[in-house]
Amino acid sequence: MKILVEKTKEPKRKPSSEGLSFGTVFSDHMFLCEYSPEKGWHNARITPYRDLSIPPSNMTIHYGQSIFEGLKAYKTADNKINLFRPAENIKRLNASCRRMCIPEIDEKFGVEAIKALVDVDRDWVPEEYGTSLYIRPFIFATDPYLGVRPSETYLFVIITGPVGAYYKEGINPVKIYVETRYVRAVVGGLGEAKASANYAASLKAQVEAKEKGYTQVLWLDGIEKKYVEEVGTMNVFFVIGDEIVTPALTGSILPGITRKSVIELLKSWGYKVSERRITIDEVFEAHEEGMLKEVFGTGTAAVISPVGELNRDGQIITINNGEIGPVSKQLYDTITGIQYGRIPDKFGWIEQI
Ligand SMILES: *Cc1c(COP(=O)(O)O)cnc(C)c1O
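Quantities reported herein were computed from a predicted structural model and do not represent experimental measurements. (Residues numbered from 1 in each chain as written. Predicted model: local features only at pLDDT ≥ 70, side-chain atom pairs only at ≥ 80, totals over all residues. Heavy atoms only, no water.)

Visitor: Summarise the domain arrangement of the protein; cite the residues concerned and give the values.
Guide: Split into domains, the protein comes out as domain 1 (4-164) and domain 2 (174-339). Placing the centre of domain 1 and that of domain 2 at their C-alpha centroids yields a distance of 27 Å. With both chains or domains summed, domain 1 and domain 2 bury close to 1,800 Å², and 55% of this area falls on carbon and sulfur atoms. By the criterion of area lost to domain 2, the three top residues of domain 1 are Phe68, Phe84 and Arg92, representing 34% of everything that side buries. At the junction of domain 1 with domain 2, the criterion picks out 2 salt bridges. Put simply, Glu264 and Arg85 hold a salt bridge, and the shortest N to O gap is 3.5 Å. (Domains from an automatic or database assignment. Buried area = accessible area lost by both parts, 1.4 Å probe. Salt bridge = Lys/Arg side-chain N within 4 Å of Asp/Glu carboxyl O.)

Written as structure tokens, this is what we have:
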């Protein structure tokens, strides 16, 4: 499908690298593509970033048929732009489509759309090490209808915006509250899709954890509240003795691309990595026995987020003295090094624009 390009006549002022945060500033252009049963996906175009117009009866507002992705573009020292495994994002977008009754997009076309948009706004990719251009593809229902059924029409949109370095003052491990009351997802639900609804479901726990002085929650399974699933909006890893454990993808866990990359890297370094079910009891017991060396979350935003403290119903454990551990550090340095082109990409993860 051809992508028409309408360039802006009023380019915006770009913010300076120092003042960048997350999710507040957007680049000059966006990508749009529509779906109808008659035409399939059609009318692909890049236009100036502007408001969308939707009727109050828009189905997404009422019933939440909406999915998204998140990835980043990184500027290298020689002024190239690197994308990290973008085909994995589009593959996962289609997996989310299938779960949410949304028509899939052609995977090659999806990656082309991301590249075309980033290319048009390539001057928006900030240069300072640690900063990046965040890319947010999303698809939502556009039928004006209040009956409950899958929409017949959809809009696929991609917006981008420069974001600051996640760790501005070094990597400080976070305090995490083990959530025993609310659940994020259950097997058979939407947990393994990157559906907007999962985020709506998680807000209450996040707010209450913040009130207690914690950054995020550790999610347990929705049925027995026994097995560890994720940490906040990240996948989670435990270094226990010489084994590195991450919860197996049993249906309620989001299959993270950082998670997948971490597993591949750790295996290439000779670590013993297990994707298996792990109970919160096992984590606390491992700590008691002095075997719990590191806990960390993985996701596009932070790459690696070390956990320094876990609170389970008032029982508090400190991990690695509240400092970043060697496995977390090595993973963080390697993945960010590959993303910014400072370390050779022997896995073929980078696509350059
Ligand atoms: C997006 C997301 C992740 C991380 O996925 P990455 O591909 O590594 O960014 C983990 N958990 C949830 C719930 C997510 O939405």
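Visitor: Describe the packing of aromatic side chains, with residues and values.
Guide: Considering all chains together, one arrives at 17 aromatic pairs under this definition. Arranged with centres 6.2 Å apart and planes meeting at 75°, the rings of Trp41 and Phe156 form a pair that is edge-to-face. Of this pair, Trp41 sits in strand 3 (residues 40-48) while Phe156 is found in strand 8 (residues 154-163), placing the two residues 115 residues apart along the sequence. Ring geometry for Tyr74 and Tyr340: centres 5.0 Å apart, planes at 70°, overall edge-to-face. Note that Tyr74 is positioned in strand 5 (residues 71-75) and Tyr340 in the loop between helix 7 (326-339) and strand 18 (350-352), a separation of 266 residues in sequence. The pair Tyr74 / Tyr340 is uniform in exposure class, with both members buried. Members of the aromatic cluster, joined through ring pairs, are Phe31, Tyr35, Trp41, Phe109, Tyr154 and Phe156. Just above the ring of Tyr227 sits the side chain of Arg277; from NZ or CZ to the centre is 3.7 Å. Directly above the aromatic system of Phe284 lies the positively charged group of Arg312, at a separation of 5.6 Å from the ring centroid. (Phe/Tyr/Trp six-rings, centres within 6.5 Å; stacked < 30°, edge-to-face > 60°. Helix = DSSP H or I, 4+ residues; strand = E, 2+ residues; numbered from the N terminus. Buried < 20%, exposed > 50% of the residue type's maximum accessible area, 1.4 Å probe, protein only. Lys NZ or Arg CZ within 6 Å of the ring centre and 35° of its normal.)

Visitor: Please provide a residue-by-residue account of the packing of helix 2 (residues 86-99) against helix 3 (residues 107-120), values included.
Guide: The relative placement of two packed helices is expressed as an angle between their axes plus a distance between the axes. Running from N to C, helix 2 and helix 3 cross one another at 125°; their axes reach a closest spacing of 9 Å. Classified by the angle between their axes, helix 2 and helix 3 sit oblique to one another. Along this stretch, helix 2 crosses helix 3, giving a crossing that reads as right-handed. Between helix 2, through Pro86, Ala87, Ile90, Lys91 and Asn94, and helix 3, the contact on the second element is made entirely by Glu107, Gly110, Val111 and Ile114. (Axes fitted to C-alpha atoms, helices over the stretch in contact; angles between N-to-C directions. Parallel < 35°, antiparallel > 145°, perpendicular 65-115°, else oblique. Left-handed = near helix turned anticlockwise from the far one by under 90°. Contact = heavy atoms within 4.5 Å.)

Visitor: Run through the state of the cysteines, naming residues and quoting values.
Guide: The full count for this structure, using the stated rule, is 0 disulfides. Cys97 takes part in no disulfide bond, and the closest cysteine sulfur, belonging to Cys101, lies 10 Å away. We classify Cys97 as buried; its relative accessible area is 0%. Taking the relative accessible area as the measure of exposure, Cys101 reaches 47% and is therefore partly exposed. (Disulfide = S-S within 2.5 Å.)

Visitor: Describe the nonpolar core, naming the residues involved and giving the relevant values.
Guide: Most often, soluble globular proteins keep nonpolar side chains buried together rather than apart. Counting residues in hydrophobic clusters, the biggest one holds 37 residues, and the most contacted among them are Phe31, Val118, Ile139 and Phe156. Mapped by element, the contributors of at least two residues to this core are strand 2 (29-36), strand 3, strand 5, strand 6 (81-84), helix 2, helix 3, strand 7 (132-141) and strand 8. Residue contributions to this core peak at 6 residues, all from helix 3. Formed by 24 residues, the second largest nonpolar core is a distinct cluster that contains Tyr74, Val239, Ile244 and Val273. (Core = buried A, V, L, I, M, F, W, Y, C linked by side-chain atoms within 4.5 Å.)

Visitor: Can you break down the pairing of strand 7 residue by residue, with the values?
Guide: When you tally the buried positions in strand 7, you get 9 out of 10 residues, the bulk of the element. When strand 4 (residues 66-68) meets strand 7, the two strands line up antiparallel, connected through 3 bridges. Its bridge partner being in strand 7, Ile67 is matched across the sheet by Ile139. The sheet contact formed by strand 5 and strand 7 spans 3 bridges and is antiparallel. The residue of strand 7 that forms the bridge with Leu71 is Ile135. As defined by bridge partners, strand 7 adjoins strand 8 across 10 bridges and the pair is classed as antiparallel. Looking across to strand 8, one finds that Leu133 is bridged to Pro162. (Pairing = 2+ DSSP bridges.)

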